[in-house]
Amino acid sequence: MTGTADLAPFDIGLLYHIKDVAEAEWDAVFPGEPERWAYLRAVEDSRIEGFRLFYVTVRREGRLLAAAPGFLTDYHLDTTVQGPMRSVVSALAKALPFLMRLKLACLGSPVTETAALGVLPGEPRAELIAALYEGLERKAKMEGVRLLAVKDVPNAQFDARGAARLAGLNPMSSLPTAVLDMAGIATEEAYWERLSYSTRKDFRRKVKKARGVSITRLTDLAAHADDIDRLYEATRARSELQFERLTWRYFQAVLEQMGDDAALFLYSAGGEAVGFNLLIGSDGVWVDKYFCADARGPAHNLYVVSWLQNVRFAISRGAHRLVAGQTAYEVKLKFGCRLEATTIFFRHRWWAANAILALASRYLGAEETDPTVRGAPGMVLDLADRPLPANTGLG
């Protein structure tokens with residue numbers, strides 16, 4: 001890690017509550033970030049089981065220059081492994097069980113899209129991100145935690161990647177994030193024009209079959225708590241990627257804290273809830289946080305219906321970017337999305353375990369565990385005649 005002498009100009013703080021930092025002060029180092037102070041406050045208020053949250057701040061003369069959320073948890077190394085490598089990891093768990101369940105200190109949040117590393121515009125990013133990593137190291141030592149990580153750093157953040165290398169953190173390819181660029185999409189028809197003829201035809205057919213689905217925007221979930229929990233659990237049970245476990249209180253807290261910058265749409269058929277979608281946004285960027293549905297979803301083409309609803313809503317809010325998460329890449333590429341690569345950085349403080357994990361990471365990265373990721377930005381897919389999957393995960 002960067003030595004403390006090199007960080008002398010900075011005061012690194014470790015906090016337990018987001019409210020210990022003023023909202024305006026925190027958001028100033030995350031300009032245009034949808035997952036801002038209000039969202040992190042909602043995450044904290046919902047008390048996600050199995051995670052202890054903390055926050056790293058970097059100040060100079062009392063002025064906040066950088067910040068990042070973090071969490072502590074017991075981490076199973078097979079948590080985010082998909083596909084054929086799950087059997088390999090299961091075998092590794094039997095041979096080296098002490099490596100499979102580790103206490104983890106991580107920068108980011110269990111429910112943010114990527115690592116939230118905020119730096120005040122105009123300040124030296126590389127030095128300040130190094131200070132955030134130093135804060136992570138200090139937290140790990142305080143808690144007696146040996147495994148450190150930084151969750152899903154976008155590859156485009158070269159300063160964060162460079163600082164990670166200098167800090168001795170090992171890289172491991174993570175799942176890319178699907179993004180729909182909405183510049184120039186001011187109407188629904190303009191979005192349709194972005195798609196191929198066969199895709200438009202396929203979508204229109206699916207939407208026509210789903211005319212019995214009603215859509216309601218909810219602001220108070222108390223009367224729908226059982227449905228929200230049921231739909232979330234049904235989706236989670238189908239997903240290979242299982243990290244956090246949420247309840248309706250998380251979704252309610254997001255709506256309360258973010259106000260008009262959050263939207264939850266409930267999808268019903270035959271008078272019964274069959275799915276819901278949560279979105280959050282800020283400054284022209286909207287994030288499709290969670291799509292959840294029960295087994296009736298495919299019969300109503302619910303994933304297509306909800307996606308088009310998201311596009312319409314994003315258009316109505318003047319969005320220039322719609323973030324679509326880290327699952328169901330074939331479908332999202334068909335929707336017109338592109339993929340942005342991300343990397344997990346990690347280090348075990350015991351050199352032998354670090355060497356083993358660094359070697360294993362070459363085989364457990366996203367390019368190995370999910371074949372749709374390899375070469376994805378250049379993929380050409382013709383899926384017009386293939387059914388859209390219902391098992392889209394939670395991203």
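This write-up is about the structure you can find in this document. (Residues numbered from 1 in each chain as written. Predicted model: local features only at pLDDT ≥ 70, side-chain atom pairs only at ≥ 80, totals over all residues. Heavy atoms only, no water.)

**Some remarks on helix α6 (residues 158-166)**
Alright, step 1. Restricting attention to buried positions, one finds in α6 the residues Ala160, Arg161, Gly162, Ala163 and Ala164.
Alright, step 2. Buried residues belonging to α6 abut α5 (125-143), β6 (147-154) and β13 (338-348).
Alright, step 3. Phi turns positive one or two residues past the end of α6, at Gly168, with a value near 75°. (Buried < 20%, exposed > 50% of the residue type's maximum accessible area, 1.4 Å probe, protein only. Helix = DSSP H or I, 4+ residues; strand = E, 2+ residues; numbered from the N terminus. Contact = heavy atoms within 4.5 Å.)

**Let's talk about the pattern of salt bridges**
Once their charged atoms are close, side chains differing in charge can pair, the charge on each being opposite to the other.
Alright, step 1. On inspection of all chains with the given rule, the structure shows 28 salt bridges.
Alright, step 2. Here Asp159 and Arg125 are joined by a salt bridge, their closest N and O atoms 2.4 Å apart. Remark: Arg125 occurs in helix α5 and Asp159 occurs in helix α6; sequence separation between them is 34 residues.
Alright, step 3. Residue Asp159 is classed as partly exposed on the basis of its relative accessible area of 22%.
Alright, step 4. Judged by its relative accessible area of 29%, Arg125 is partly exposed.
Alright, step 5. Lys334 is paired through a salt bridge with Asp202; the nearest N and O atoms lie 2.6 Å apart. Here Lys334 is found in helix α12 (residues 329-334), whereas its partner Asp202 is found in helix α8 (residues 197-209), with 132 residues between them in sequence.
Alright, step 6. A cluster of three or more residues bridged by salt bridges with shared partners is formed by Arg36, Arg217, Asp260, Asp261 and Arg317. (Salt bridge = Lys/Arg side-chain N within 4 Å of Asp/Glu carboxyl O.)

**A few points about the pairing of strand β11 (residues 285-293)**
Side-chain positions along a regular strand alternate between the two faces of the sheet.
Alright, step 1. Among the 9 residues in β11, 9 count as buried, and that is most of the element.
Alright, step 2. Sheet topology places strand β10 (residues 272-282) next to β11; 8 bridges connect them, and they run antiparallel. Within β11, the residue paired with Gly275 across the bridge is Ala293.
Alright, step 3. Connecting β10 to the next strand, β11, in antiparallel fashion are 2 residues, including Asp283 with a positive phi near 50°. (Pairing = 2+ DSSP bridges.)

**As for unusual backbone geometry**
Alright, step 1. Look at Glu61: it is not a glycine, yet its phi comes out positive at around 55°.
Alright, step 2. With respect to the secondary-structure elements, Glu61 resides in the loop between β2 (52-60) and β3 (63-76).
Alright, step 3. The exposed category is assigned to Glu61, whose relative accessible area is 82%.

**Observations regarding the pairing of strand β7 (residues 170-181)**
Alright, step 1. With respect to burial, β7 is a largely interior element, 9 of its 12 residues being buried.
Alright, step 2. By the bridge criterion, 8 bridges tie β7 to β13 in an arrangement that is antiparallel. If you follow Pro171 over to β13, its bridge partner there is Phe345.

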